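# Overview (structure and organization)
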Amino acid sequence: NTAGSASFVKSNQEYYLFLFQARLYGTKYEILKSNSLIITFDNGDSVELFPCGDFKGKRVVIDFSYYIGCFYNISRQQIEKIAENTVERLLIHFTSDADISEAQIDEDGSRFLEYNIHSDKYSNNAPKAASCILTKYS
């Protein structure tokens, strides 16, 4: 079971996408500077983002969950692209010494988790949030 949320942040002149994940019974992993996030839209276009640093998660023993949050660098043009399109899929690349059963292997040998967005209700959340931050800082 996985849950997640995303938001956009502006600090000085820089923009970030903050992605938070909670995975029940999840295996520990890290998101490093070299691990990309690929957001694919329903028209086949995509945006590739990279973290602004290295991020480690935290296991909570009480509910056996693993939590990780990561800030990805994002340009205003990339936010505009998200605002104008419907999100269909996320590929979250990660680094881990452990095997993660849901992980897939990319062409370059890196591992990623794939999340398809099947509901229109959720696929429009990112475009709405992107439009909001663009309006606020236009």
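Residues numbered from 1 in each chain as written. Predicted model: local features only at pLDDT ≥ 70, side-chain atom pairs only at ≥ 80, totals over all residues. Heavy atoms only, no water.

Attention shifts here to the environment of Thr 27. As for its placement among the helices and strands, Thr 27 is situated in the loop between β2 (14–24) and β3 (30–31). Look at Thr 27 and you get partly exposed, because its relative accessible area is 25%. Between the C-alpha atoms of Thr 27 and Tyr 67, which are 40 residues apart in sequence, the distance is 9.9 Å. The contacts of Thr 27, once residues within four sequence positions are left out, are Arg 59, Tyr 66, Ala 98, Asp 99 and Ile 100. (Helix = DSSP H or I, 4+ residues; strand = E, 2+ residues; numbered from the N terminus. Buried < 20%, exposed > 50% of the residue type's maximum accessible area, 1.4 Å probe, protein only. Contact = heavy atoms within 4.5 Å.)

The next point concerns the pattern of salt bridges. According to the stated counting rule, one finds four salt bridges in the structure shown. Between Glu 102 and Arg 23 there is a salt bridge; the shortest N-O distance is 2.6 Å. Highlighted residues: Glu 102 in the loop between β9 (87–94) and β10 (104–105) and Arg 23 in strand β2, separated in sequence by 79 residues. Taking relative accessible area as the criterion, Glu 102 reaches 44% and is therefore assigned partly exposed. Between Glu 80 and Arg 76 there is a salt bridge, with its nearest N and O atoms 3.7 Å apart. With Glu 80 and Arg 76 both in helix α1 (residues 76–83) and four residues apart, this pair spans about one turn of that helix. The exposure class of Arg 76 is partly exposed, given its relative accessible area of 25%. (Salt bridge = Lys/Arg side-chain N within 4 Å of Asp/Glu carboxyl O.)

Applying the stated criterion to the full structure yields six aromatic pairs. Seen from their ring centres, Phe 20 and Tyr 67 are 6.0 Å apart, and the 20 degrees between their planes marks the pair as stacked. Of the two residues, Phe 20 is situated in strand β2 and Tyr 67 in strand β8 (residues 65–74); the sequence distance between them amounts to 47 residues. Overall, Phe 20 belongs to the partly exposed group, its relative accessible area being 30%. Of the residues examined, Tyr 67 reaches a relative accessible area of 25% and is grouped as partly exposed. Through a chain of ring-to-ring contacts, the aromatic side chains of Tyr 16, Phe 18, Phe 55 and Phe 71 assemble into a single cluster. (Phe/Tyr/Trp six-rings, centres within 6.5 Å; stacked < 30°, edge-to-face > 60°.)

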